[in-house]
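Okay, here's what each chain looks like letter by letter:
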Amino acid sequence: MTRFNWFNTTTLTLGFAFLYLPIILLMIYSFNESRLVTVWAGFSTRWYQSVFFNESFMNAAWVTLRVGFLSASIATVFGTMAALVLNRAGPFTGKTLFTGMIYAPMVMPEVITGLSLLLLFVSLDFTRGFWTVTLAHITFSMCYAAVVVSARLATFEKDLEEAALDLGCTRFSAFMQVTLPIIFPAILAAWLLAFTLSLDDLVIASFASGPGATTLPMKIYSQVRIGVSPEINALSSILIAVVAIGVVTASLVTKQAQLKRMKEERLATNAS
Amino acid sequence: MTVADITSPTDETSKASGTKADWGRTLLIAIPYIWLLIFFLAPFVIVFKISLSDVVIARPPYFPTFDLSEGWQGFLAMLQAFDLENYVWLTEDTLYLNSYLSSLKIASISTLLTLCIGYPIAYSMAKAPQEWRATLLMLVILPFWTSFLIRVYAWIGILKKEGFLNYFLLWTGIIDEPLTILNTDTAIYIGIVYSYLPFMVLPLYAVLEKLDTSLLEAATDLGCSPLKSFWVITLPLSLPGIWAGCFLVFIPALGEFVIPDILGGSSTIMIGKTLWVEFFSNRDWPVASAVAILLLFLLILPIVLFQKQQEKQMEVSR
């Protein structure tokens, strides 16, 4: 049971090959000299250069990063608040509706969310562009953030918070000094998730955006419709690398924090 | 500050801390609540409203519009102009019925395929040595973080006529002529299975990992073959994971737009794509809204079933 047998090894190898080969092939061929994407003609970084000198790509990347940063930050704050409401605020009128509205956006097809937000913006006479995309992204990513933070809040007991209150902390300082440090890794994870969701989103952005605010996925999509191009391969590889580095760093940081906390807890128990 | 009030440990202490904390609690609830009401619930009401309107060549391209300055009279006038014409239209033109049916078919088949591929992976992960499991789990989740669009796009280079797959198959001599896979339903199945595989593997792994191995040992002691003990013990006990995984794949696959648009052919119509075309190409907002409302109805059943199943799980684990 504790060793790999041939069945498990084969399944896992095939399974992970299926998951990773397409991405690996795409990354390898982004260094291909030839314009023909599937014929190898020698190593080259020319497509990376042409991505960096392509003004429309760079503009789109800038819009995407700003939308991502802003929407992820606000969504994390709102999501954390929503998670606290779900876990700590006790019952109140309309809680079922609230819970429903947190979970529904995650199963809602993107075309419906996108269309409905667009129609709202039109009804309110908002000019579509940077801000409408940001509003749309805040709305759907705050739900994911709420779920991530909520999962952490659900697993730790309220004892520590109550102890802080008993020792004379105000609720706010109890949150800042006790709850926040404990749930911080989850908040960080929520921010990262919100940021990548915003970075990835094509459908909702296409509906919510207007002229002048083209995000990177929208740009990529319009190019992809024409066909495979080595430039898109290079751009995709950059995006994948950035996200992979971010995720791995974040998971290492959380792991470190976890180890540190476990060590401290052990010391504390030993001391008592 | 709104966060002031997260802790509300017991009723006595919350009463003791007085009205300031109550205000904090109200604000904490109100801010995300109002946000979701405005940006999530209200839009659906508007979609429903516009699905009852008529298309006109104007800005915005639908009629009637609600003019606030006319007050109650304007509202009544708008109500009178509503009709179910768009819904009637959806039943008359077979395009819409066909897209619903083909979405159901494609989502069901790809869910089954994802289950067949995801189950062995989750099973092998759960059976892997303890020290490997965290890494394997990370490896399953990691592709989920990379852009969906890019992962779908990556398959074009593999599936097209002069792509990697054909190149490989021709090289090994399995086929003599390149296969046409891109722009067919097969490509859509591959795309959905590939994109949603983590959604299937994760819940399955969660149940399989917790599986009580002493049951399997008992079965072996009583003379069960490994295959039989899998059939009578492992599979039934992993049913909750199977259900969760299937719903998590089926629900988003039903409304999928990117995969059928990029990998599918022009003959494949899925409801998400129909809505997109109706909106962006035909600029018929009322019909697009009606399509959205009907898609929502199509989704209610699986979502409610999923919810029920999750609740049952929660009770069992308690």
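Residues numbered from 1 in each chain as written. Chains lettered and ligands numbered in written order. Predicted model: local features only at pLDDT ≥ 70, side-chain atom pairs only at ≥ 80, totals over all residues. Heavy atoms only, no water.

1. Considering the overall build of chain B
Thinking step 1. A tally of regular secondary structure across chain B gives 15 helices and two strands.
Thinking step 2. The 318 residues of chain B split such that 50% are buried.
Thinking step 3. Considering only contacts within chain B whose residues lie at least 6 apart along the sequence, 70% involve residues at least 24 apart.
Thinking step 4. Surface accessibility of chain B: about 16000 Å² in total, with carbon and sulfur atoms responsible for 68%. (Helix = DSSP H or I, 4+ residues; strand = E, 2+ residues; numbered from the N terminus. Buried < 20%, exposed > 50% of the residue type's maximum accessible area, 1.4 Å probe, protein only. Contact = heavy atoms within 4.5 Å. Areas by Shrake-Rupley, 256 points an atom, 1.4 Å probe, with all protein chains shown as cover.)

2. A word on helix 14 (residues 271-281) of chain B
All names here are of chain B.
Thinking step 1. For helix 14, the tally of buried residues reaches eight of eleven residues, placing the bulk of the element in the interior.
Thinking step 2. For helix 14, the complete set of buried residues consists of Ile271, Gly272, Lys273, Thr274, Leu275, Trp276, Glu278 and Phe279.
Thinking step 3. Phi for Arg283, located one or two positions after helix 14, is positive at around 50°.

3. Overview of the pattern of salt bridges
Thinking step 1. A complete count under the given rule lists five salt bridges over all chains for this structure.
Thinking step 2. Measuring nitrogen to oxygen at the nearest pair gives 3.5 Å for the salt bridge that ties Arg225 of chain A to Asp261 of chain B. Remark: Asp261 of chain B occurs in helix 13 (residues 258-262) and Arg225 of chain A occurs in the loop between helix 10 (216-224) and helix 11 (230-271); the pair is interchain, linking two chains.
Thinking step 3. Relative accessible area serves as the criterion here: at 14%, Asp261 of chain B is assigned to the buried category.
Thinking step 4. The salt bridge partner of Glu209 of chain B is Arg133 of chain B, with a shortest N-O separation of 3.2 Å. Placement of Glu209 of chain B in helix 9 (residues 185-210) and of Arg133 of chain B in helix 6 (residues 130-145) is noted, with a sequence separation of 76 residues between them.
Thinking step 5. With relative accessibility at 33%, the residue Glu209 of chain B sits in the partly exposed group.
Thinking step 6. Overall, Arg133 of chain B belongs to the buried group, its relative accessible area being 15%. (Salt bridge = Lys/Arg side-chain N within 4 Å of Asp/Glu carboxyl O.)

4. Here's the deal with the nonpolar core
Thinking step 1. Counting 175 residues, the largest nonpolar core has Phe98, Val111 and Phe207 of chain A together with Ile262 and Leu263 of chain B as its most contacted members.
Thinking step 2. At 14 residues, helix 3 (residues 55-88) of chain A tops the list of elements feeding residues into this core.
Thinking step 3. Among residues more than four places away in sequence, those in contact with Ile262 of chain B are Tyr221 and Val224 of chain A together with Leu149, Val152, Ile156 and Asn183 of chain B. (Core = buried A, V, L, I, M, F, W, Y, C linked by side-chain atoms within 4.5 Å.)

5. Let's talk about the environment of Asp212 of chain B
Residues and elements named next belong to chain B.
Thinking step 1. As for its placement among the helices and strands, Asp212 is situated in the loop between helix 9 and helix 10 (213-221).
Thinking step 2. Separated by 134 residues in sequence, Asp212 and Met78 have C-alpha atoms that sit 62 Å apart.
Thinking step 3. In this structure the side chain of Asp212 is engaged in a polar contact, spanning 2.8 Å, whose partner is the side chain of Ser214. (Polar contact = N/O pair within 3.5 Å; in protein donor to acceptor, adjacent residues only side chain to side chain.)

6. Thoughts on helix 6 of chain B
Thinking step 1. The terminal C-alpha atoms of helix 6 of chain B, which comprises 16 residues, lie 24 Å apart, in line with the 22 Å expected from a rise of 1.5 Å per residue.
Thinking step 2. The complete set of buried residues in helix 6 of chain B reads Arg133, Leu136, Val140, Leu142, Pro143 and Trp145 of chain B.
Thinking step 3. Among the structural elements, helix 1 (6-29), helix 8 (171-200) and helix 11 of chain A together with helix 5 (94-127), helix 7 (148-159) and helix 9 of chain B are those in contact with the buried residues of helix 6 of chain B. (Expected span 1.5 Å × (residues − 1).)

7. So, the packing of aromatic side chains
Thinking step 1. Under the defined criterion, the tally for this structure stands at 36 aromatic pairs over all chains.
Thinking step 2. When the centroid spacing of 5.0 Å and the interplanar angle of 65° are considered together, the rings of Phe78 of chain A and Trp35 of chain B count as edge-to-face. In this pair, Phe78 of chain A is assigned in helix 3 and Trp35 of chain B in helix 2 (residues 18-51), connecting two distinct chains.
Thinking step 3. For Phe78 of chain A, a relative accessible area of 13% translates into the label buried.
Thinking step 4. Between the aromatic rings of Trp191 of chain A and Phe195 of chain A, the centroid separation amounts to 5.0 Å while the plane-to-plane angle is 10°, which identifies the pairing as stacked. Here Phe195 of chain A and Trp191 of chain A lie together in helix 8, a separation of four residues that amounts to about one turn.
Thinking step 5. Of the residues examined, Trp191 of chain A reaches a relative accessible area of 23% and is grouped as partly exposed.
Thinking step 6. Classification of Phe195 of chain A by relative accessible area gives buried; the value is 15%. (Phe/Tyr/Trp six-rings, centres within 6.5 Å; stacked < 30°, edge-to-face > 60°.)

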